[in-house]
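In case you want the letters, here they are:
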Amino acid sequence: SLILFFGMMVFPETPRYLMKVGRRLEAARVLYWVRTGHKEATLEESDMASVVGEELEEISSTLEAARLAGDARWSEVVNKENFKRLVLGMIVQLFQQFTGMNIIMYYSTRIFQKVGVQEFVATAVVGIINFVTTFGTLVLVDKYGRKSLLLGGGMGMSVSVALGGVVIVLSGATFSSDQCSSDQLSKFQGGLVVFCVCLFVFSFALTWGPVAWVVTSEIFPLRVRGKCVSITTASNWTGNFLIGYGTPLLLASLGVKGTFFLMAVCNAAATFFILISLPETKGLSLEQIDKMFSGRSLLEVSEYRHYLRLLPNSRECLVWTRHLSVCLVVVVILGFAYHSLPHR
């Protein structure tokens, strides 16, 4: 809280707010800093025109149009152009919950305890990974883009929990929420489950955790953004409620391995949805995003064919995927072979 408080003391106002209250020069300097990384307090608007002049005019035109139109009404939220974005934002926030991150956060202590790891270690490991990894998003989100991170994170989470479920199935452990003896899993197998959980948390914290909020703050027009973001946030908390209420039932009926496999399916579905519905908004202004959505379906703005074309042509990606798959298979086979040997 203190970091947030003191950070906001030195954080600049947004260019749109500064333009709205008539502080155009300050708006130009803030926008210039955002676009170039150089913070110059002595520059005049003419010095920055080549970099931010056009964007300032777009912001000015948008604000003037909003002023003439008056306050936004709720009916505008569900009109033809905004409703598809609202649905997109709501589903993104629901999928953020249905990735299963809060299943791990709420029950990681129990899961780790069943595989022979102390409770405080479970809490520390998951918390530290979740906290530290989030900072990586600050660098990656503008370098690789929102959509690319969500696609990569969804695949990473799906693979990690699926592998964790496979480890439990092959071990023959009951591993339900009510009964599981730690000796059903060897230390190696338990370590693999722990590794899969940590990899899942890493993938979420780097991608879906923060990036889902970035996406829902960018895709809406400024005029109705407040109302739309409030609705998407409500859908996130609705998903959180469903996860919190339903997780004990899932663990009781499906066990941990079944829950892991269900999480893998949900993450695969989330990845597919992002592929066919979400456009890349990296480096675009709100006005450019408005133009991109205007008169086009979500399937059209997603440019999914571009991402599909990248997969077969990315030879390096395929090579690394093959090597990683072989390594994982070898490690799992050796671990279970060692566990099956007679030990005195």
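Let me begin by describing the structure that accompanies this report. (Residues numbered from 1 in each chain as written. Predicted model: local features only at pLDDT ≥ 70, side-chain atom pairs only at ≥ 80, totals over all residues. Heavy atoms only, no water.)

Remarks on the overall build of the chain
Move 1: Looking only at helices and strands, the chain features 16 helices and zero strands.
Move 2: Put simply, the chain has 344 residues, and 41% of those count as buried.
Move 3: Within the chain, contacts between residues separated by at least 24 positions form 77% of all contacts whose residues are at least 6 apart in sequence.
Move 4: For the chain, the computed accessible surface area is about 19000 Å², with 66% contributed by carbon and sulfur atoms. (Helix = DSSP H or I, 4+ residues; strand = E, 2+ residues; numbered from the N terminus. Buried < 20%, exposed > 50% of the residue type's maximum accessible area, 1.4 Å probe, protein only. Contact = heavy atoms within 4.5 Å. Areas by Shrake-Rupley, 256 points an atom, 1.4 Å probe, with all protein chains shown as cover.)

Re a nonpolar patch on the surface
Move 1: Where nonpolar side chains cluster on the molecular surface, the patch consists of I128, F131, V132, F135, L138 and V139 and spans about 660 Å² of accessible area.
Move 2: V139 sits in the exposed class, given a relative accessible area of 58%. (Patch = residues over 30% accessible without salt bridge, like charges linked within 9 Å, V, L, I, M, F, W, Y side chains within 5 Å. Salt bridge = Lys/Arg side-chain N within 4 Å of Asp/Glu carboxyl O.)

Points about the packing of aromatic side chains
Centre distance and the angle of the planes are the two values used to describe a pair of aromatic rings.
Move 1: Tallying each qualifying case throughout the model produces four aromatic pairs.
Move 2: Consider the rings of F5 and F6, whose centres lie 5.2 Å apart with planes at 80°: the pair is edge-to-face.
Move 3: Overall, the relative accessible area of 53% leaves F6 in the exposed class.
Move 4: Each ring, one from F131 and one from F135, has its centre 5.1 Å from the other, and the planes form 85°; the classification is edge-to-face. (Phe/Tyr/Trp six-rings, centres within 6.5 Å; stacked < 30°, edge-to-face > 60°.)

Here we look at helix α3 (residues 24-36)
Move 1: Counted at 1.5 Å a residue, the expected span for α3 with its 13 residues is 18 Å, and the 18 Å between its end C-alpha atoms agrees.
Move 2: Listed in full, the buried residues belonging to α3 are A27, A28, V30, L31 and Y32.
Move 3: Note on α3: the residue one or two positions beyond its end, G37, has a positive phi of about 85°. (Expected span 1.5 Å × (residues − 1).)

Section: the packing of helix α6 (residues 80-98) against helix α12 (residues 225-277)
Move 1: Between α6 and α12, whose axes approach to 3 Å, the crossing angle comes to 30°. In terms of orientation, α6 and α12 fall into the roughly parallel class.
Move 2: Along the lines of polarity and charge, the residues of the contact of α6 with α12 split into 17 nonpolar, 10 polar and no charged. (Axes fitted to C-alpha atoms, helices over the stretch in contact; angles between N-to-C directions. Parallel < 35°, antiparallel > 145°, perpendicular 65-115°, else oblique. Nonpolar A, V, L, I, M, F, W, Y, C, P; charged D, E, K, R; others polar.)

So, the nonpolar core
Move 1: Counting residues in each nonpolar core, the largest one holds 54 residues, and the members touching the most others are L88, F200, V201, W208, F260, I274 and F293.
Move 2: If one sorts the elements of this core by residue count, α12 sits on top with 11 residues.
Move 3: If we ignore the near neighbours within four places in the chain, the residues touching I274 are V92, K147, L150, L151 and W208.
Move 4: By size, the runner-up hydrophobic cluster in this structure holds 12 residues, among which are L18, A28, L56 and L63. (Core = buried A, V, L, I, M, F, W, Y, C linked by side-chain atoms within 4.5 Å.)

Regarding the environment of Y106
Move 1: Tracing the sequence through the fold places Y106 in helix α7 (residues 101-114).
Move 2: Assessed through its relative accessible area of 40%, Y106 is described here as partly exposed.
Move 3: Polar contacts involving the side chain of Y106 include one to the side chain of N240, which spans 3.4 Å. (Polar contact = N/O pair within 3.5 Å; in protein donor to acceptor, adjacent residues only side chain to side chain.)

Examining the packing of α6 against helix α11 (residues 208-218)
Move 1: The interhelical angle for the contact between α6 and α11, taken along N-to-C directions, is 170°, at an axis separation of 10 Å. With respect to their mutual orientation, α6 and α11 come out roughly antiparallel. Touching G89, V92, Q93, F95 and Q96 of α6 are W208, G209, A212, W213 and T216, all from α11.
Move 2: A per-class count over the contact of α6 with α11 returns five nonpolar, five polar and no charged.

Some remarks on the state of the cysteines
Move 1: Tallying each qualifying case throughout the model produces zero disulfides.
Move 2: Summary of cysteine pairing: C196 is not part of a disulfide, and the nearest cysteine sulfur, belonging to C198, is at 9.3 Å.
Move 3: A relative accessible area of 2% places C196 in the buried class. (Disulfide = S-S within 2.5 Å.)

As far as function goes, none of this settles anything; it's purely spatial.
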